[in-house]
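# Per-entry structural report
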Amino acid sequence: LLAGRSTYSDWLLKLLNDPDIRNSSGSFADMIANVSVQLNNKNHLNAFAYGSNDRFKLADILEHKYHNLGASVEWRHVFSNRSDIHFSLVHSTYGFDEKNNEYEFASYKQSYTLDHDQFNVIYSLKVAKDHQIKLGGSSTLYQVARGDYRPLSEQSAVIPVSFQPEKAIESALFISDLWKINEKF
């Protein structure tokens with residue numbers, strides 16, 4: 001599967017009478033891809049990717065840019081008709097850039113990104129018709145780059161600030177025991 005979208009809003013803005021709006025621009029585009037492959041009767045592989053970009057500029061006053069990127073790979077291995085295991089890797093990135101020149105004395109620019117990397121594993125065992133046990137774990141690394149807050153021009157009174165990057169790890173283990181209740185139980 002491969003699909004994409006895009007906007008055509010720029011030409012609409014040029015038709016308006018307000019000069020600030022007419023000198024503005026905006027756009028959005030995204031794309032998605034998915035591949036699913038049955039390698040054999042015991043192994044299945046799935047890969048997914050998504051990306052998008054947004055942009056909006058209001059004359060020479062304000063400009064926003066956003067981007068997203070996501071991707072995952074999942075592998076499922078079947079041991080038997082009663083048990084299987086799933087592995088997945090996930091990555092995503094979100095970021096933005098902003099420029100604000102509404103008031104020249106306070107004009108600024110700033111950027112930001114957030115990265116997310118994750119590993120998951122889940123083992124499933126069907127003990128009986130109405131009884132299933134799952135166990136697994138996951139670990140996620142978060143990386144935040146809050147960027148710099150800077151003056152946009154020499155006339156700006158904005159005091160530059162640099163933000164240090166931050167990282168965090170979140171990990172978990174789990175076990176679940178599912179019993180489906182039927183009329184006899």
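Anyway, here's the lowdown on the structure attached to this text. (Residues numbered from 1 in each chain as written. Predicted model: local features only at pLDDT ≥ 70, side-chain atom pairs only at ≥ 80, totals over all residues. Heavy atoms only, no water.)

### Details of the overall build of the protein chain
Just so we agree on the cut-off: Secondary structure elements are taken from DSSP: a helix is a run of H or I of four residues or more, a strand is a run of E of two residues or more, and numbering for both begins at the N terminus. Computation of the radius of gyration draws on C-alpha atoms alone. For the globule rule, the value is 2.2 Å times the number of residues to the power 0.38. Under the scheme applied here, a residue whose accessible area is under 20% of the maximum for its type counts as buried, over 50% as exposed, and between as partly exposed, the area being computed with a 1.4 Å probe on protein chains only. Note on contacts: a residue pair is in contact if any heavy atoms of the two residues lie within 4.5 Å. Accessible surface is estimated by sampling points in the Shrake-Rupley manner with a 1.4 Å probe; for residues, cover comes only from the protein chains shown. In summary, the charge assignment counts Lys and Arg as positive and Asp and Glu as negative, without counting His or the chain termini. A single reference atom marks each charge: NZ on Lys, CZ on Arg, CG on Asp, CD on Glu.
Looking only at helices and strands, the protein chain features two helices and 10 strands. Its C-alpha atoms give the protein chain a radius of gyration of 24 Å, clearly above 16 Å, the size a compact globule of 185 residues would have. C-alpha extents for the protein chain along the principal axes are approximately 75 × 40 × 35 Å. Burial statistics for the protein chain: of 185 residues in total, 19% are counted as buried. Sequence separation of at least 24 residues holds for 55% of the intrachain contacts in the protein chain that already meet a minimum separation of 6. For the protein chain, the computed accessible surface area is about 12700 Å², with 60% contributed by carbon and sulfur atoms. With 19 positive and 22 negative side-chain charges, the protein chain shows a spacing of 10 Å between the two charge centroids.

### A short note on the pattern of salt bridges
Defined as follows: Salt bridge, as used here: a side-chain nitrogen of Lys or Arg that lies within 4 Å of a carboxyl oxygen of Asp or Glu.
Applying the stated criterion to the full structure yields six salt bridges. Two residues, D84 and R76, come together in a salt bridge whose shortest N-O distance is 2.7 Å. D84 sits in the buried class, given a relative accessible area of 11%. Under the relative-accessibility criterion, R76 is labelled partly exposed at 33%. Where R150 meets D148, a salt bridge forms, and the shortest distance between an N and an O atom there is 3.6 Å. For D148, a relative accessible area of 32% puts it in the partly exposed group.

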